[in-house]
Amino acid sequence: PAASAALDIWATAVTEHPWHEMVLGLQATVKLWAGDVAEAEAIAEPLMDPTSDPRVRAVAFGAISYALISYGHTDEVIDLATELL
């Protein structure tokens, strides 16, 4: 809860690209570990756009990969990891 609250404040305060998106990626990770897989995926998925900063995609990958694994989509995780590498 405290981490989520802090990241909510940071997401509002940090507006510069790509730092804002990196905070969103961290939010997705915290939400994932708090058990809110759907919210984590909703935040992380847009950050995985191929045009996103590679650092943003790397941060978001952690959350999106666990979300996909929880749905049994391991092939998609492998594809994303391959693309990021």
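See the structure above.
Only a predicted model underlies this, so the values are computations on that prediction, with no experimental measurement involved. The residue numbering used here restarts from 1 in each chain and proceeds along that chain's sequence as written. Only residues with pLDDT of at least 70 are given local features in this predicted model, and only at 80 or more are side-chain atom pairs given and counted; all residues enter the totals for whole chains, interfaces and linings. Heavy atoms throughout the structure, all of them, feed into the side-chain values; hydrogens and water do not.

1. Section: the nonpolar core
Reasoning step 1: Grouping buried Ala, Val, Leu, Ile, Met, Phe, Trp, Tyr and Cys residues that are joined through side-chain atoms within 4.5 Å yields what is termed a nonpolar core. Each residue is assigned to one of three classes by its accessible area relative to the maximum for its type, calculated with a 1.4 Å probe on protein chains only: buried under 20%, partly exposed between the two thresholds, exposed over 50%. Formed by 14 residues in total, the largest nonpolar core has its most connected members in Ala 44, Met 48, Phe 61, Ile 64 and Leu 80.
Reasoning step 2: Here a strand is any run of E in DSSP of at least two residues, a helix any run of H or I of at least four, and the numbering for each starts at the N terminus. Elements with a minimum of two residues in this core: helix H2 (19-33), helix H3 (37-47), helix H4 (54-70) and helix H5 (74-84).
Reasoning step 3: Looking at which element gives the most residues to this core, the answer is H4, with 6 residues.
Reasoning step 4: By definition, residues are in contact when any of their heavy atoms lie within 4.5 Å. Ignoring sequence-local partners within four residues, the contact set of Met 48 consists of Arg 57, Ala 60, Phe 61, Ile 64, Leu 80 and Leu 84.

2. Quick word on unusual backbone geometry
Reasoning step 1: A cis amide bond links His 17 to the next residue, Pro 18, at an omega of 0°.
Reasoning step 2: Within the secondary structure, Pro 18 sits in the loop between helix H1 (2-13) and H2.

3. A closer look at the environment of Met 48
Reasoning step 1: Note on placement: Met 48 falls in the loop between H3 and H4.
Reasoning step 2: Each C-alpha atom of the pair Met 48 and Ala 60 lies 6.6 Å from the other, and the pair is 12 residues apart in sequence.

4. A word on the pattern of salt bridges
Reasoning step 1: For this document, the term salt bridge refers to a Lys or Arg side-chain nitrogen within 4 Å of an Asp or Glu carboxyl oxygen. Evaluation of the coordinates by the stated rule reveals 2 salt bridges.
Reasoning step 2: Notably, a salt bridge pairs Arg 55 with Asp 53, separated by 2.8 Å at the nearest N-O pair.
Reasoning step 3: Between Arg 57 and Glu 83 there is a salt bridge, with the nearest N and O atoms lying 2.6 Å from each other. With Arg 57 in helix H4 and Glu 83 in helix H5, this pair connects stretches of sequence that are 26 residues apart.

5. Section: the side chain of Arg 57
Reasoning step 1: We classify Arg 57 as buried; its relative accessible area is 8%.
Reasoning step 2: A distance of 2.6 Å separates the side chain of Arg 57 from the side chain of Glu 83, its partner in a polar contact.
Reasoning step 3: Setting aside its immediate chain neighbours within four residues, Arg 57 contacts Leu 47, Met 48, Asp 49, Pro 50, Ser 52, Glu 83 and Leu 84. In protein, a polar contact means a hydrogen-donor-capable atom and an acceptor-capable atom, both N or O and within 3.5 Å, with residues adjacent in sequence counting only if both atoms are side-chain atoms; elsewhere, any N or O pair within 3.5 Å suffices.

Geometry only, nothing functional implied.
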